[in-house]
Amino acid sequence: MATLFLVLSLALAASAIPPPPPSSRNTIFIDEQLEGQIFEVKSEDITDLAARSTSQYRLPTTTRPIHYDVLWVVDIDQLTYSGTVEITLVATQANVQEIVLHSKDLDITSLRLLRGDTVLVQGLGNMVRDVELELLKVRTGAALEYNATNPVQYTLQFGFGAGLRKDMAGLYRSWFRNSYNESVSWMATTQFQPTSGRTAFPCYDEPSFKATFSIRIRRPTGFKSWSCTRQNTTIVNVMNGFDEDVYTITPTMSTYLIALIVAEYDTNKTPEDGLLKYEVIARPGAMGKNQSDYAFDVGQKLLDNMSQHTDMDFFSLSPNLKMTQASIPDFSAGAMENWGLLTYREAYLMYDPEQTHDQAKQIIAYILSHEIAHMWFGNLVTCDWWGHTWLNEGFARYYQYYLTHSVEYEMRFDIRFITEQVHTSMLADSADNHPLSNPNVGSPSDISNMFSTISYNKGAAIIRMTEHLLGTDVHTQGLRVYLKNNSYKTVVPSDLSQTLHNTAVQAGAISEYGRNFSVVEYYKTWHDQPGVPVIYVDVNHTTGDMTITQRRFDINTGYARVNYNWQIPISFTTASNANFTDTKPSHVLTSTVTVVNRGTVGDEWVIFNKQQTGYYRVNYDDYTWNLIIVALRGADRTKIHEHNRAQIVDDVLQFARSGLMTYTRAFNILSFLQYEKDYAPWVAAMTGFTWIRNRLVGSPLLARLEGQIIRWATPLMNELGYTPISGESFIRSYLRRQIAPVMCNMGVEACRTSATTQFRRLIDDQLEVAVNNRNWVYCNGLRASNNYNDYATMWKRFIEHNVYTEKIVLLQTLGCTPLERALNELLTSLVKDNYEIREQDYSTTFNTALTGNEGNTQIVWNFIKSNLTDIENAFGSVSSPLRSVAARLRSTEQITEFQLWLNQTQADLGDAYTSIYRAAESARNSLTFADQIQNDLDNYLTNGDDNIGPSTPPPDPIVDPSTVPRPDVTPPPTPDLPGSAMTAAVSIIVIAFAAITNIIL
């Protein structure tokens, strides 16, 4: 065996990196390109804006605001608003004869420019609008006086007005009922991020133009108002039927963080009397049964923990700040970190323990955490431009998990970060995507695209990797210095990385990486370059030398055509000295090829990227993979950390998808799942399995594949069961919620029987289903029912229920009915203006109706064909609904029929035709891909696992692995880009949950 081992090892070492698949290969199909999916394709901009240069969208820096005095008069009866704004500003250079700021969709009623009490300019004839660029240009007449030492202040005054918007942006209207049989009540609320402040008042609507704000809100008597700071006073009956609330001055802040609400709301606050500190506000009907208590209690704990973590108490940031958590009925953004007035969808803030499932509870906790973290990372210290959105959102997403983990430990956000953030970001980053930083962003649509999986998930993953590189204490201290040095300012990435570098050097935290190692240069390779690296580890088990080659991973072709070098912090451990706890990297790879000695010789596994703290994939030579397979199938499987078992699952599934590994090999590695009982590996597995299952729908191979998955998952489900277990942990209950729907989708009899039994008890005996089972019980109960009255009962439950988290579960499951009458009624409720389903929930409801059963696709398509105009009015375009239908086409015959109808209807479809037709072609390509992998899958499903065993005893441990000089290996090509360092850091300055329960029936 020792001789065999030596021959295998040497042969594999000589083979170096596995060859990539053909460069024309594609694995991204329409189901992953729909709205909200990992590779979402945004609608093409069909205006002339695409021809505009980036700089044309940016405000000139020739003037800067210092302070705003803003009055909004909100008329709820008329659903309109008007107001005035006085902007105190200064010139930043000589010879300024034009003031440029933002305005969109506003009726400007007056204009004056003053110096002191002297009017310099008056009248609307002195302004010019650029509607496409959303700019307002005011001619100053004579040049503004510039004095760098003692700036001269000017006052720019506008009167303005508009209707309360209907698109959940700017200052907009929202409706609610306190009970289902009440009439509709109206309110006004705001969402300014990223570029909608300009629709509410003329302003410098870019994050770098910070100023202070004095806000007054004139609202109908009987209503209440809220803004960012504490209310100072109320002027009663300032005009007939209106009172005016005057608010204290804000801290220095960006326009996108301003917010106001006018509503008939109730509050849960502390203290009840005196200076307000913290409150939760909502419609009175949502405050019943103490629905605000969870957000009230956990929010204060999160706020206190974040204050301690940053060493900056929230209430010390400004004497006028308080924290209001506001529940908003209609809110497309989900949640928003307005300074002092944080806004949320009702389902993301209000909690009823009898009606709200654990997934919704943890969403409430971690969204609170996300928005609270923004008070420091985003509000106090703000990205200078939206091209660096990750400096705001990456940190908020990071604390969304780890701040919440410090308060709600049982939810195990430390485990879930791996599957929900690292894995999803690496998948999104494995295709053409923007880098973390992209200063060339210009238009509002460009800016919106920066609020992406890359900015949020990858940003958080890179921050976590850096924390493990520097050590938690050093990283935390560096962030504290960063916040203090940049308070009330805006920043670029070098402000962060230079501070962290200085802190790390002072603490001696990076000395082991060499005198030339720089956190600044390290960070550049991660925020200036797109993509995710894969390292190939080729182990010589006779010497212990590990040849490590880094390449850019591509989900279509394995290796990307354009390659970069990253500075990659690596960590590894071995079978004879298994230590997954110490995650401090032993080396930082700076070259394309590096050789590291693992510290042992002989036949044993090595695992790179301990606890998947690094942002990279890992592939090994075949022999080392065999050693890992033996370990995973054996009794010592759990010696390999849960995070790393999940990493292996995700990596090999993506390697197989991309062509770097066969499915036969990948499934041999994954065979350990039959023994696996932990959360992260199974969630990673089900995510990857669902993608493969979606490719195989309509193929005879699907049933065989699902049979294999069921065999692996049955031991786990036998342990979890299909009903809640008294005293079980949150994470076990949460795992059942993730896995049970997939088992039902695959036709597991135990799952479907349990679902229909629980459903019938609800329908027939009014016995409530356990809250954590409702998602899959409701769906499968309706799916199994041919009785329209069952659907009608569940629809009535939706209409009458007063807890919004339950209403969301119902919208996510009503479409599981196979009944055409019921589906048509559900779809009609979307397209008719009836105050039943909110616009923010249209996509959820539509997609459930479409995907609830295989037969639903034809019913929904027929509905669209008969109601094309109504669909367009409801969704803004027919593109998204019809592209979703295209993603459900399962045969070439269905695709051809669909495209024929598109051609016949092209005139009615207009500009949407091309994107819909391409979606159908993508569905056709998916069928082709399925044909290409059939033999590979069939080979494993027919022949099963390879018989793999160890060849020699494990070696004795040797400490302190060493790096040796790079061998004479030809590296993959790296492009010669402007400003690139070829073997160290290529720097190009340019830029939700994994869906494991997608229904594929």
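Scroll up to find the structure this text is about.
Quantities reported herein were computed from a predicted structural model and do not represent experimental measurements. (Residues numbered from 1 in each chain as written. Predicted model: local features only at pLDDT ≥ 70, side-chain atom pairs only at ≥ 80, totals over all residues. Heavy atoms only, no water.)

A. The overall build of the protein chain, seen in detail. Within the protein chain, the secondary structure is distributed over 29 helices and 32 strands. Its C-alpha atoms give the protein chain a radius of gyration of 29 Å, near enough to 30 Å, the size a compact globule of 1001 residues would have. Summarising its shape, the C-alpha atoms of the protein chain cover approximately 95 × 75 × 60 Å along the three principal directions. The buried share of the protein chain, taken over its 1001 residues, is 62%. Entry remark: accessible area of the protein chain is about 35,900 Å², with carbon and sulfur atoms responsible for 48%. (Helix = DSSP H or I, 4+ residues; strand = E, 2+ residues; numbered from the N terminus. Rg over C-alpha atoms; globule rule 2.2 N^0.38 Å. Buried < 20%, exposed > 50% of the residue type's maximum accessible area, 1.4 Å probe, protein only. Areas by Shrake-Rupley, 256 points an atom, 1.4 Å probe, with all protein chains shown as cover.)

B. A look at the sheet that holds strand E4 (residues 107-115). Taken in spatial order, the eight strands make up an open sheet running E5-E4-E8-E2-E1-E11-E14-E13, and their pairing is mixed. Unpaired on one side and paired on the other, strand E5 (118-122) and strand E13 (231-239) mark the two borders of the sheet. Direction aside, the axes of adjacent strands within the sheet are offset by 20° on average. Sheet topology note: the strand E1 (residues 63-75)/strand E2 (residues 80-91) ladder contains 12 bridges and is antiparallel. Residue pairing across strands places Trp-72 opposite Gly-83, the latter belonging to E2. (Pairing = 2+ DSSP bridges. Axes fitted to C-alpha atoms, helices over the stretch in contact; angles between N-to-C directions.)

C. Expanded view of the sheet that holds strand E17 (residues 278-282). Pairing within the open sheet is mixed, and its five strands lie in the order E16-E17-E18-E20-E19. Each edge of the open sheet is held by one strand with a lone partner, namely strand E16 (266-270) and strand E19 (335-336). As defined by bridge partners, E16 adjoins E17 across five bridges and the pair is classed as antiparallel. For Thr-267, the partnering residue across the bridge sits in E17 and is Ile-281. Here helix H3 (residues 293-310) sits on the sheet and contacts E16, E17 and strand E18 (323-328); the angle it forms with E17, its principal contact strand, is near 145°. (Contact = heavy atoms within 4.5 Å.)

D. The pattern of salt bridges, seen in detail. Tallied over the full model, the rule gives 47 salt bridges. A salt bridge links Arg-219 to Asp-243, with the shortest nitrogen-to-oxygen separation between them at 3.4 Å. Pair noted here: Arg-219 is in strand E11 (residues 212-220) and Asp-243 is in strand E14 (residues 242-247), with a separation of 24 residues, a long-range link. Assigned by exposure class, Arg-219 and Asp-243 land together as buried. Salt-bridge contacts for Arg-645 lead to Glu-676; the nearest nitrogen and oxygen are separated by 2.7 Å. Of this pair, Arg-645 sits in helix H13 (residues 642-658) while Glu-676 sits in the loop between helix H14 (663-670) and helix H15 (679-696), placing them 31 residues apart in sequence. We note that Arg-645, like Glu-676, is buried. It is possible to trace a salt-bridge network through shared partners that takes in Lys-104, Glu-134, Arg-198 and Asp-205. (Salt bridge = Lys/Arg side-chain N within 4 Å of Asp/Glu carboxyl O.)

E. Here's a closer look at the packing of aromatic side chains. Inspection of every chain in the model, using the stated rule, returns 56 aromatic pairs. Taking 5.0 Å as the distance between ring centres and 35° as the angle between the ring planes, the aromatic pair formed by Tyr-398 and Tyr-402 counts as tilted. Placement of both Tyr-398 and Tyr-402 in helix H5 (residues 390-407) is noted, with a separation of four residues, approximately one turn of the helix. Connected via pairs of aromatic rings, a cluster forms that spans Tyr-366, Phe-377, Phe-395, Tyr-398, Tyr-399, Tyr-401, Tyr-402, Phe-413, Phe-417 and Tyr-482. Arg-58 extends its terminal NZ or CZ atom over the ring of Trp-385, reaching a point 3.5 Å from the ring centre. Over the aromatic face of Trp-691 sits the side chain of Arg-695, whose NZ or CZ is 4.8 Å from the ring centroid. (Phe/Tyr/Trp six-rings, centres within 6.5 Å; stacked < 30°, edge-to-face > 60°. Lys NZ or Arg CZ within 6 Å of the ring centre and 35° of its normal.)

Coordinates in, geometry out; function isn't part of it.
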